[in-house]
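A look at the structure
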Amino acid sequence: MSTIYPWQRHQWSLLSGAWRQGRFPHALMLSGMSGMGKGRFASALAQALLCRYRDSEEFACGRCTACRQFESGVHPDFLRVVPEQEGKPIKVDRVRGVGEFLTLKSYDEGGRVVLLAPAEAMNSAAANSLLKILEEPVLGTVLILVTSRPGMLLATIRSRCQQIGFPPPQRAVARQWLQEQPAANHDAELLLELSAGAPLRALQLVAEGVLEQRLELFELFEQIVEGRADPVAVAEQWSQQKRVSEVLFWIDSWLMDMIRLTCSRQPPLLANRDLAERLLRLGRPAGSKRLLALRERVVKAARYLHGSLNPQLLLEDLLISLSALARHGNTSY
């Protein structure tokens, strides 16, 4: 049976209350940074909506025929829409399939549920196709969109969905959960700082050896900013290793800390406190204005990553801009 994480109780309570009061929305958008467990929440919600014997908190029973079908991936009234390959866009044919699915008669005359994730991966044609579905909702159907970048979706899509946000949990809750995980054999506070407070991202850092990889990436980042490494060669290396998304995440984190450090020698919040002295040395000559402009370029590059633009070219452009820090210092950007 799908379960939710401890920090998701409030969101579940809101939706279960809406269900009991007969005002459950036909379309939901679950949004929040990556690593918050939105996918598990969405699956638990989908299963509960299809279950006929929910408990007092509206969780699925896990025992009925509908639950067994859902957990086996064969429930006829449930459709999961994802990219054909990880990192690829959701194409229009996949979303048109949603419309065809909704024309079918419900298997047991209950509701039907569509789960689409990540919603920001839809290309423009797919997004327009989904908009038509949202404009003419089918009775008894719930669409659940999961996204880490709601700003990439059409405003008209966002306006037709009830927004359910998943902010980072209270640090004490996240720390306790992380300390209870056998795999989290590192400093929980450092892990949460590095993951911007997202517990699953923190756990992933350990599982994938990201902490060690982060230091390797930072060495090259430092060399680029200081003009000691070729940004084009490094971009090619990272692209061949399929690390563009990871690199953008860390560069964004380092630039944010550089901005904080240039504004305050002892900022209350740092994601990379163990690298503070080196980040201050890199960021001080540039100044906060230039660093903010560079950080905006990182954000834009991350947005375009799921599109048709070449990831290596995106990274080359960004690293070349970073290499200019060593040459231009405080000049205008």
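Please refer to the structure placed before this passage.
Residues numbered from 1 in each chain as written. Predicted model: local features only at pLDDT ≥ 70, side-chain atom pairs only at ≥ 80, totals over all residues. Heavy atoms only, no water.

1. Some details on the overall build of the protein chain
Spelled out, the test is: Segments assigned H or I by DSSP are reported as helices when at least four residues long, segments assigned E as strands when at least two residues long, and all are numbered from the N terminus. Throughout this description, buried means an accessible area under 20% of the type-specific maximum (1.4 Å probe, protein chains only), exposed means over 50%, and partly exposed covers the range between. Using a 1.4 Å probe, the Shrake-Rupley method yields the accessible areas, and only the shown protein chains count as cover for residues.
Along the protein chain, the regular secondary structure elements total 15 helices and five strands. When the backbone C-alpha atoms are referred to their principal axes, the protein chain occupies close to 70 × 45 × 30 Å. For the protein chain, the proportion of its 333 residues judged to be buried stands at 49%. Total accessible area on the protein chain is roughly 16500 Å²; 51% of this is exposed by carbon and sulfur atoms.

2. Section: unusual backbone geometry
Here the residue pair Ala-117 and Pro-118 is connected by a cis peptide bond, since its omega of -10° sits within 30 degrees of zero. Mapped onto the secondary structure, Pro-118 falls in the loop between β3 (112-116) and α5 (124-135). The residue Lys-242 is not glycine, and still its phi comes out positive at about 55°. Residue placement: Lys-242 occurs in the loop between α11 (231-240) and α12 (244-263).

3. Thoughts on the packing of aromatic side chains
Here is the rule: Any pair of Phe, Tyr and Trp rings, taking the six-membered ring for Trp, is counted once the centres come within 6.5 Å. Such a pair is stacked with planes under 30 degrees apart, edge-to-face with planes over 60 apart, and tilted for the rest. Working rule: Lys NZ or Arg CZ, within 6 Å of ring centre, within 35 degrees of ring normal, means a charge sits over the ring.
Tallying each qualifying case throughout the model produces 13 aromatic pairs. Ring centres 5.8 Å apart and planes at 90° place the aromatic pair Tyr-5 and Trp-177 in the edge-to-face group. Taken together, the positions of Tyr-5 in the segment before α1 (9-20) and Trp-177 in helix α7 (residues 171-179) put the pair 172 residues apart, joining distant regions of the chain. Take Tyr-5 and Trp-177: they sit in the same class, and that class is buried. Ring plane angle 75° and centroid distance 5.1 Å describe the contact between Phe-218 and Trp-254, whose orientation is recorded as edge-to-face. With Phe-218 in helix α10 (residues 210-225) and Trp-254 in helix α12, this residue pair connects regions lying 36 residues apart in the sequence. For Phe-218, a relative accessible area of 1% translates into the label buried. We classify Trp-254 as buried; its relative accessible area is 1%. Among the aromatic residues, ring-to-ring pairing joins Phe-218, Phe-221, Phe-249, Trp-250 and Trp-254 into one connected group. In this structure, Arg-201 is placed above the aromatic ring of Phe-249, and the distance from its NZ or CZ to the ring centre is 4.4 Å. A cation over a ring is seen here: Arg-214 above Trp-250, with NZ or CZ 5.8 Å from the ring centre.

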